[in-house]
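# Observations on the model geometry
Letter by letter, the chains look like this.
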Amino acid sequence: EEFRPNHFAGHLVYPIEPRYALEFFRKACDLIPQIDSLNPSDIFSVVTNRAGIYANLNEIDSAELYFRMAIQLAKKDSRISEVSSVNNLGFFFNEIGQYDSARINFLKALDMLSDRNEDIMMYCAIRDNLAQLSIKDHQYLAALKTFQYNDSVYATRTNYNKYVINQVRMMRLMMQLNVSGI
């Protein structure tokens, strides 16, 4: 089976040479119809990776096509994969400056979660994306509330990487608002 080695090679090569990594992901995608035993999460993952590379290479139409394809494939994997895929599409729209489309997808992803405890880290990630849009819309207090909430979640879950990133965002916003407590 050549699917897994191509998928793995794509991950390894991507940081060094995205276009070369794209070839591995293309090969893996081409093999999908030939392999009955593939897990839906493997298929969803390789298509999502391909979409991300297209986005990073600024191949907008191909990126959007594969992000949308990933949403459809994620439905066969799990609800959280589907939520993640819709969030990814929103993130893509945010990156290319289509903020209304980004917001629609972030809100859709948030609505797809039955409640925040279904996947608290996904909930926080989506809320963070919405907070970034709130800052662009000069709705600073809404963003600050999200950062404060996420701060408590990341600290409790000992997710220090996200905690530090969130702290930096929160402090920058507090400085901008001249809020004490920094």
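Whatever comes next refers back to the structure up there.
In short, a report on the structure. (Residues numbered from 1 in each chain as written. Predicted model: local features only at pLDDT ≥ 70, side-chain atom pairs only at ≥ 80, totals over all residues. Heavy atoms only, no water.)

Empty space within the largest pocket amounts to approximately 450 Å³. Taken together, 19 residues make up the lining of the largest pocket; nearest its centre are Gly52, Ala55, Asn56, Phe67 and Phe91. Contributions of two or more residues to the lining of the largest pocket are made by α1 (3–13), α3 (40–56) and α5 (79–95). Considered class by class, the residues forming the lining of the largest pocket number 9 nonpolar, 9 polar and 1 charged. (1 Å grid on protein atoms, 1.4 Å probe; cavity = no way out; pocket = protein on both sides within 12 Å on 5 of 7 lines; lining within 4 Å. Points joined across faces, edges and corners; volume = space filled by probe spheres on them. Helix = DSSP H or I, 4+ residues; strand = E, 2+ residues; numbered from the N terminus. Nonpolar A, V, L, I, M, F, W, Y, C, P; charged D, E, K, R; others polar.)

Relative to each other, helix α7 (residues 120–136) and helix α9 (residues 160–177) sit at 25 degrees, their axes nearing to 13 Å. One element, α7, and the other, α9, form an angle in the roughly parallel class. As for how α7 packs across α9, the hand of that crossing is left-handed. In this structure, α7 contributes Met121, Asp128, Gln132 and Ile135 to the contact, and α9 contributes Lys162, Asn166, Arg169 and Leu173. Partitioned by chemical class, the residues of the contact of α7 with α9 number 3 nonpolar, 2 polar and 3 charged. (Axes fitted to C-alpha atoms, helices over the stretch in contact; angles between N-to-C directions. Parallel < 35°, antiparallel > 145°, perpendicular 65-115°, else oblique. Left-handed = near helix turned anticlockwise from the far one by under 90°. Contact = heavy atoms within 4.5 Å.)

For leucine 31, the location among the structural elements is in helix α2 (residues 18–31). With relative accessibility at 15%, the residue leucine 31 sits in the buried group. (Buried < 20%, exposed > 50% of the residue type's maximum accessible area, 1.4 Å probe, protein only.)

Bringing the packing of aromatic side chains into the picture now. Taken as a whole, this structure holds 5 aromatic pairs when the rule is applied. Here the aromatic rings of tyrosine 54 and tyrosine 66 are separated by 5.5 Å at their centres, their planes lie at 35 degrees, and the arrangement is tilted. Of this pair, tyrosine 54 sits in helix α3 while tyrosine 66 is found in helix α4 (residues 60–74), placing the two residues 12 residues apart along the sequence. In this structure tyrosine 54 comes out as buried when scored by relative accessible area, which is 4%. For tyrosine 66, a relative accessible area of 13% gives the class buried. The interplanar angle of 80 degrees and the centroid separation of 6.0 Å between the aromatic rings of tyrosine 123 and tyrosine 149 together place this pair among those described as edge-to-face. Highlighted residues: tyrosine 123 in helix α7 and tyrosine 149 in helix α8 (residues 140–156), separated in sequence by 26 residues. In this structure tyrosine 123 comes out as buried when scored by relative accessible area, which is 13%. Each residue in the set Phe67, Phe92 and Phe93 is aromatic and connected to the rest through ring pairs, giving one cluster. (Phe/Tyr/Trp six-rings, centres within 6.5 Å; stacked < 30°, edge-to-face > 60°.)

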